[in-house]
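Remarks on the overall topology
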Amino acid sequence: MITPVCYQDRQLIILDQSKLPQQIVYDRCGTAEEAAEAIRTLKVRGAPLIGIIAAYAMVLALITFKGPNEGLCRYFQEKKHLLAATRPTAVNLFWALNNMERLFMENLELPLADLIKLMEEKANEILNLDIALNRLIGENGRGLLPSGCQVLTICNAGALATGGYGTALGVIRAAHAENGLGMVWVCETRPVLQGARLTVWELTREKIPVTLITDSMAGYIMYLGKVDVVIAGADRVASNGDTANKIGTYSLAMLARCHKIPFYIAAPFSTFDLSLADGAEIPVEERDPQEIKCVNGKYITVPEVSVFNPAFDITPGELISSIITEKGVFSPPYDFSGK
Ligand code: MRU
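Residues numbered from 1 in each chain as written. Predicted model: local features only at pLDDT ≥ 70, side-chain atom pairs only at ≥ 80, totals over all residues. Heavy atoms only, no water.

Section: the packing of helix H3 (residues 72-84) against helix H4 (residues 91-106)
A pair of packed helices is characterised by two quantities: the angle between their axes and the separation of those axes. The condition is simple: Only the stretch in contact is used when fitting a helix axis, every axis being a line fitted to C-alpha atoms; angles between N-to-C directions are given from 0 to 180 degrees. Helix numbering and strand numbering both begin at the N terminus, where a helix is a DSSP run of H or I of at least 4 residues and a strand a DSSP run of E of at least 2. Oblique is the label for any angle not covered by the other classes, which are roughly parallel (under 35 degrees), roughly antiparallel (over 145) and roughly perpendicular (65 to 115). Two residues form a contact once any of their heavy atoms are found within 4.5 Å. Residues are sorted three ways: Asp, Glu, Lys and Arg are charged, Ala, Val, Leu, Ile, Met, Phe, Trp, Tyr, Cys and Pro are nonpolar, and all the rest, Gly among them, are polar.
At their nearest, the axes of H3 and H4 sit 10 Å apart, and the two run at 170 degrees to each other. The angle between H3 and H4 falls in the class roughly antiparallel. Across from Leu 72, Cys 73, Phe 76, Gln 77, Lys 80, Leu 83 and Ala 84 in H3, the residues of H4 making contact are Leu 93, Phe 94, Leu 97, Asn 98, Met 100, Glu 101, Phe 104 and Met 105. Taken together, the residues of the contact of H3 with H4 sort by class into eleven nonpolar, two polar and two charged.

Shown next as structure tokens:
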């Protein structure tokens, strides 16, 4: 299985997802700034992976610290803010940064070299835990995708979006290994095409049956009776189950409801934001209009047209048949208290 990130010789090695599937290029990040830029430019993306990269970025920040010790706390906060400003929706980013900050503050009295080692161990733990949780999500969800069933998904919630294995794609992987799936329909996922470029690539490499469609074909495929289950990942889940995920997810949930098709979200608890009552409080990232106006660097529209480019939408919890997590499968009315 593809590994999107590894930490080696005190550097982060990341697979540049913006070049996939045409080129498999690994980049090195030696500073927090380089890691932040990789997140901002979608070289690395997907909620859990963004969190993992941010955790390592805080380690890189400490490694490259040059100032006098008295300046360390302020320096740490500056780097944390730099990373926090990269992408607003995926809560894993803030979850990971807060975890790293807590450890940093609790061990400030240590010599810097020991503090760095401790932080490295924590970032490694965040990475390894994510892979383990993905596998649990796969186990918990695979029974929902019966033998021969046809599944529809959007964006990329696979190994590339996580430490490895994947959330929604983890469930698909586990179900295919156990039951054998009939087909995975993949929405291309305009405008950045994570479905066409990344999910199709992952599934093809593993010989899982896959068919690519444009986003606007989803309703017709359902009308034709070719979709038994819809499953997607998440960037942030609120207390009532309202879920932010890639733009287009809400439309799929509505279509699934109209066609009486179960609609599942798969996500680890690091993607839950139980401080939010509902999805209206989730900040939705708006990205560069150029993503919509251009394809492969060429305008496909009138260059000066006004554009709205939200990267995510919010699916109301009541449209989600179940949310598959490492702690089990939850169904409406959602109650995650005590989890
Ligand atoms: O803009 P992206 O590519 O970071 O968006 C990714 C998604 O929407 C994924 O579905 C989500 O982060 C879950 S990844 C396991």
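Thoughts on the pairing of strand S6 (residues 210-213)
Convention followed: A pair of strands is treated as paired once DSSP finds two or more bridges between them. Handedness of a crossover: with both strands directed away from the viewer, a clockwise path from the first strand across the helix to the second marks it as right-handed.
Here strand S5 (residues 183-187) runs beside S6; their pairing, made up of four bridges, is parallel. Bridged to Trp 185 within S6 is Thr 211. For the crossover from S5 across helix H7 (residues 194-205) to S6, the handedness is right-handed.

A closer look at the domain arrangement of the protein
Our working definition: For the purposes of this description, domain bounds are those given by an automatic or database domain assignment. Two parts placed together each lose some accessible area under a 1.4 Å probe, and adding up what both lose gives the buried area. We define a salt bridge as a side-chain nitrogen of Lys or Arg found within 4 Å of a carboxyl oxygen belonging to Asp or Glu.
According to the domain assignment, the protein consists of domain 1 (5-135) and domain 2 (144-330). On a C-alpha basis, the centres of domain 1 and domain 2 stand 25 Å from each other. Between domain 1 and domain 2, the contact holds 28 residues from the first and 34 residues from the second. Both sides together, the interface formed by domain 1 and domain 2 hides about 2,500 Å², and carbon and sulfur atoms give 57% of it. It is Arg 45, Thr 89 and Asn 134 that lose the most area in domain 1 upon contact with domain 2, and together they represent 25% of the buried surface on that side. Counting across the interface, domain 1 meets domain 2 through one salt bridge. Across the pair Arg 87 and Glu 285 runs a salt bridge, and its minimum N-O distance is 2.9 Å.

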